[in-house]
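Geometric and topological summary
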Amino acid sequence: MKVIIVGAGAVGSLLGGLLSKEHEVHLLGRGAHVRAIMEGGLRVEGMTAAHLCIAATDDPGALPRDADLLVFTVKAYDTIEAARSVRGVPAAGTPVLSLQNGMGNVEALVSAFGAGPVVAGITVIAVNRPAPGVVIHAAPGRAVVGRSEGEPDGTVERVASALSAALPVTTSANMVGEIFLKAIANAAINGLTALHRVRNGVLMERQDLMAEMDAIVAEAELVARAHRIVLPVDDVREHVHDIVRMTAANVSSMLQDVESRRRTEVDFINGAISRMGWASGVPTPRNDMVVAAIRRIEAGYTASRAERRT
Ligand code: PAF
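Notes on the structure follow. (Residues numbered from 1 in each chain as written. Predicted model: local features only at pLDDT ≥ 70, side-chain atom pairs only at ≥ 80, totals over all residues. Heavy atoms only, no water.)

**Observations concerning the nonpolar core**
What counts here: Buried Ala, Val, Leu, Ile, Met, Phe, Trp, Tyr and Cys residues form a nonpolar core when they are joined through side-chain atoms within 4.5 Å. Exposure categories follow from relative accessible area, calculated using a 1.4 Å probe and restricted to protein chains: below 20% of the type maximum is buried, above 50% is exposed, and the middle band is partly exposed.
Val6, Phe72, Phe180 and Val240 are the most contacted members of the largest nonpolar core, which totals 66 residues. Counting residues in hydrophobic clusters, the runner-up holds 35 residues, among them Ile5, Ile125, Ala160 and Ala162.

Given below as structure tokens:
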């Protein structure tokens, strides 16, 4: 299969690298990381060790027109812009898979490509990008994919089978629940690790952080219930603890963003839960606190950039 990965960040590059064992992969991204891959290939370290020569570009016009699958791994705040940049690149109807953090991505892809080709997905994978051209695969991952809208037509099964070259994949008929559950895990893990500048595992080592994490989860569960979202596990708190244990050595994506002074996805994770809580009358003070604190950090980058200019 010819697979285009839209978003050559940590997850997109690792996924592309793993998929390239069986498929022809093209990475679309920008900045120093993509330039490094174009010049010297992609180095994967950690539990997968490989130096891969993989096609990468920052120009959507250079992507193959006959791709069989587009996988979106861009940050949630870039979904609409990235979709616009590749619309018209592959033939109409080519499957488009979202494997992103946060909420609202599937809806954005459906508005760009129509419901027919869009497959919803989540992935739990521990990966970080310590230097341009390098990713560290910190823990084994898994993915869940399924139809967001539209009739079953075999697309989900074809996408799952292609993706299984990279990691174990299951299919689900409840992607709304899967995406909300993943957002709960990200809401509980990412903000706190970014605020306290700790690796994921520390959230289970410190009683105060574990209590904070559990409170964020409890709040989000009430929001899910108010919106009649059926979460696909019985014990959400334990599920989140399992993800923390599985990714203990990882630097969360939000901590990576904060350390690199990049915009975070907090508005699409804790922010989305807070907005849904507000809409259904469920108070979400812990998620609100994470949003406010992360926004203060983001505002700090802008302020220090402005100071450096004066
Ligand atoms: O965003 C992340 O960092 C990841 O989704 C996860 C699973 C929390 C691991 O760090």
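This is not the end of the story, as more comes after the structure.
**What about the site of the ligand?**
Definition in use: We call a residue near a molecule or strand as soon as one heavy atom of that residue lies within 4 Å of the molecule or strand. Nitrogen and oxygen atoms within 3.5 Å of one another constitute a polar contact, given that in protein one can donate a hydrogen and the other can accept it, and given that sequence-neighbouring residues count only through two side-chain atoms. The helix count covers DSSP runs of H or I at least four residues long, the strand count covers runs of E at least two residues long, and both are numbered beginning at the N terminus. Under the grouping applied here, Gly and all other residues not named as nonpolar or charged are polar, the nonpolar ones being Ala, Val, Leu, Ile, Met, Phe, Trp, Tyr, Cys and Pro and the charged ones Asp, Glu, Lys and Arg.
All residues in the neighbourhood of the ligand are listed as Asn101, Lys182, Asn186, Asn190, Asn200, Thr247, Asn250, Ser252 and Ser253. In this structure, an oxygen atom belonging to the ligand sits 3.1 Å away from a side-chain N or O atom of Lys182. No other element matches the three residues that helix α6 (residues 175–196) contributes to the shell around the ligand. For the shell around the ligand, the residue count by class is no nonpolar, eight polar and one charged.

**Let's talk about the packing of helix α8 (residues 207–226) against helix α11 (residues 270–280)**
For clarity, the threshold we go by: All axes here are fitted lines through C-alpha atoms, helices being fitted over the stretch that makes contact, and every angle between N-to-C directions spans 0 to 180 degrees. Comment on the angle field: the value is read as roughly parallel under 35 degrees, roughly antiparallel over 145, roughly perpendicular from 65 to 115, and oblique elsewhere. In a left-handed crossing the near helix is turned counterclockwise from the far helix by less than a right angle, and in a right-handed crossing that turn is clockwise. Whether two residues are in contact is decided by their heavy atoms: any pair within 4.5 Å suffices.
Packing of α8 against α11 brings their axes to within 9 Å, and their N-to-C directions diverge by 50°. As summarised for this structure, α8 and α11 are arranged oblique, according to the angle between their axes. Considering only the axes of α8 and α11, their crossing is left-handed. For the pair α8 and α11, the contacting residues are Ile216, Ala220, Val223 and Ala226 in the first and Asn270, Ile273, Met276, Gly277 and Ser280 in the second. Of the residues that constitute the contact of α8 with α11, the class distribution is six nonpolar, three polar and no charged.

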